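What the coordinates show
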Amino acid sequence: IRERNCINKYYLTVICGRLENPMELCDRMTKDERMNVTSVLSLEEEEGKVMETVAVPLEYSRLDGRRFTLTEVKIITGRTHQIRAHLASAGFPLLGDVKYGDHTANRWAASKLGLNTQLLHARRLEFADCHSSEMLSYLQDRVIEAELPENFERIKKRHERSNHMKIVILDGYTENPGDLSWGELEKLGELTVYDRTSLTDEKEIIERIGDAQIVRSDKTPISKSTIDACPNIRFIGLLATGYNGID
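Throughout what follows, the structure given in this document is the object of discussion. Fair warning: this is a prediction, and the values are worked out from it, not measured in the lab.

Next up on the list: the overall build of the protein chain. Check the secondary structure of the protein chain and you find seven helices and 11 strands. Compactness check: the protein chain gives a C-alpha radius of gyration of 24 Å against a globular reference of 18 Å for 247 residues, more than 25% above the reference. Taken over 247 residues, the protein chain has a buried fraction of 38%. For the protein chain, contacts bridging at least 24 residues in sequence account for 58% of all contacts bridging at least 6. A total of about 14,300 Å² of accessible surface is found on the protein chain, and carbon and sulfur atoms cover 47% of it.

Our focus in this paragraph is the sheet that holds strand β1 (residues 7-16). Reading across the sheet, the seven strands line up as β3-β2-β4-β5-β1-β6-β7 and stay open at both edges, with antiparallel pairing between neighbours. Only two strands of the sheet have a single neighbouring strand rather than two, namely β3 (37-41) and β7 (143-145). Here the strands of the sheet are splayed against their neighbours by 35° on average, with no regard to which way each runs. Examined bridge by bridge, strand β4 (residues 49-63) and strand β5 (residues 66-75) share 10 bridges and lie antiparallel to one another. Its bridge partner being in β5, Val56 is matched across the sheet by Glu72. Packing of helix α1 (residues 82-89) onto the sheet brings it into contact with β1, β2 (23-32), β3, β4, β5 and β6 (120-127), and relative to β4 it is tilted by some 70°. Across the sheet, helix α2 (residues 103-113) lies against β1, β4 and β5, angled at about 100° from β5, the strand it touches most.

Aromatic ring pairs are defined here through the distance separating the ring centres and the angle between the ring planes. A complete count under the given rule lists one aromatic pair for this structure. Here the basic side chain of Arg18 rests over the ring of Tyr60, its NZ or CZ set 3.7 Å away from the ring centre. Just above the ring of Tyr173 sits the side chain of Arg196; from NZ or CZ to the centre is 4.3 Å.

Right, let's talk about the nonpolar core for a bit. It is characteristic of soluble globular proteins that their nonpolar side chains tend to be buried jointly. Formed by 16 residues in total, the largest nonpolar core has its most connected members in Val14, Phe68, Leu95, Leu113, Leu115, Leu119 and Phe152. Only β1, β5, α2 and α3 (150-162) provide two or more residues apiece to this core. For this core, the leading source of residues is α2, giving four residues. Contact partners of Phe68, with chain neighbours within four places excluded, come to Val14, Ile15, Cys16, Gly17, Glu59, Tyr60, Ser61, Leu63, Leu95, Trp108 and His159. Core analysis: the next-biggest nonpolar cluster, separate from the first, contains 12 residues, Tyr11, Ile15, Ala55 and Leu87 among them.

Counting through the fold element by element, Thr69 comes out in strand β5. Residue Thr69 is classed as buried on the basis of its relative accessible area, which comes to 0%. The contact partners of Thr69, leaving out residues within four places of it in the chain, are Thr13, Val14, Ile15, Gly17, Arg18, Leu19, Pro57, Leu58, Glu59, Tyr60 and His159.

Attention now moves to the sheet that holds strand β8 (residues 166-169). Ordered by their spatial adjacency, four strands build an open sheet running β9-β8-β10-β11, and the pairing between neighbours is parallel. Each edge of the sheet is formed by a strand with only one pairing partner; in this case those strands are β9 (190-193) and β11 (235-238). On average, each strand axis in the sheet is inclined to that of its neighbour by 15°, with strand direction left out of account. Two elements, β8 and strand β10 (residues 214-217), share three bridges in a ladder whose sense is parallel. Considered in β10, the bridge of Ile169 is made with Arg216.

Moving on, we come to a negative patch on the surface. Side chains of Glu44, Glu45, Glu46 and Glu47 sit close together on the surface and give a patch of like negative charge. Mapped onto the elements of the fold, Glu46 is located in the loop between β3 and β4. The class of Glu46 is exposed, set by a relative accessible area of 79%.

What follows deals with α2. Here α2 has its buried residues at Ala105, Asn106, Trp108, Ala109 and Leu113. Buried positions in α2, seen along its axis, are confined to an arc of 160° and lie on one side of it. The outward face of α2, more than 90 degrees from its buried face, is lined by the exposed residues Arg107 and Ser111. Backbone geometry just downstream of α2 places Gly114 in the positive-phi region, at approximately 65°.

Conventions and cut-offs
Residues numbered from 1 in each chain as written. Predicted model: local features only at pLDDT ≥ 70, side-chain atom pairs only at ≥ 80, totals over all residues. Heavy atoms only, no water. Helix = DSSP H or I, 4+ residues; strand = E, 2+ residues; numbered from the N terminus. Rg over C-alpha atoms; globule rule 2.2 N^0.38 Å. Buried < 20%, exposed > 50% of the residue type's maximum accessible area, 1.4 Å probe, protein only. Contact = heavy atoms within 4.5 Å. Areas by Shrake-Rupley, 256 points an atom, 1.4 Å probe, with all protein chains shown as cover. Pairing = 2+ DSSP bridges. Axes fitted to C-alpha atoms, helices over the stretch in contact; angles between N-to-C directions. Phe/Tyr/Trp six-rings, centres within 6.5 Å; stacked < 30°, edge-to-face > 60°. Lys NZ or Arg CZ within 6 Å of the ring centre and 35° of its normal. Core = buried A, V, L, I, M, F, W, Y, C linked by side-chain atoms within 4.5 Å. Patch = residues over 30% accessible without salt bridge, like charges linked within 9 Å, V, L, I, M, F, W, Y side chains within 5 Å. Salt bridge = Lys/Arg side-chain N within 4 Å of Asp/Glu carboxyl O. Lys, Arg positive; Asp, Glu negative; His and termini not counted. Charge placed at Lys NZ, Arg CZ, Asp CG, Glu CD. Arc of directions from axis to C-beta.

Here it is as structure tokens:
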């Protein structure tokens, strides 16, 4: 079926790091049969078999300051350890992968998530271009999906919950005109920094806070009506000394 290009195979995984954009990889691979390890080589090399992998980011998370990406992977070819070796060589190893992965991240995952193997799940099969085969034509346009294993579902929910932390800084320029880093706040969640926000336009203030849980301000006033209009707020912090900034 694969040789007739009748089937597309999709996998779901969690990778270490933040994959910003879809990634199409095409390289060569060789396998050490004794060690059962796949090595990734440049496409220009003469030895090895060609392997092609497409990775599409779905969701991002930060857990204990570590960045992860829930990713859908499509394999064009089918090589030994293709997804694990290919993504690791591109700088995005699978979480929990003891052979190709990030050992520091794996120790954290074992301790915090109870994970002792790579998060990789054969998620979906899509049948296409089966018209040319009388034997396979009945499969045309069929899609078969497999439910996530229990441990993957549990970790995926933890991943999704981490995305819900949104942090907004309404007037960051006065506190940090560019010589400081917001890095520590970025570890806590999705951070949005506005250099300046109107002191009098409450509509703009409400729109910028949106559904954030954490709001930090220097001079921008946060009134009771603003707080009422933004029910997700859990914490408001002042970036500098002052008074009468928060109702």
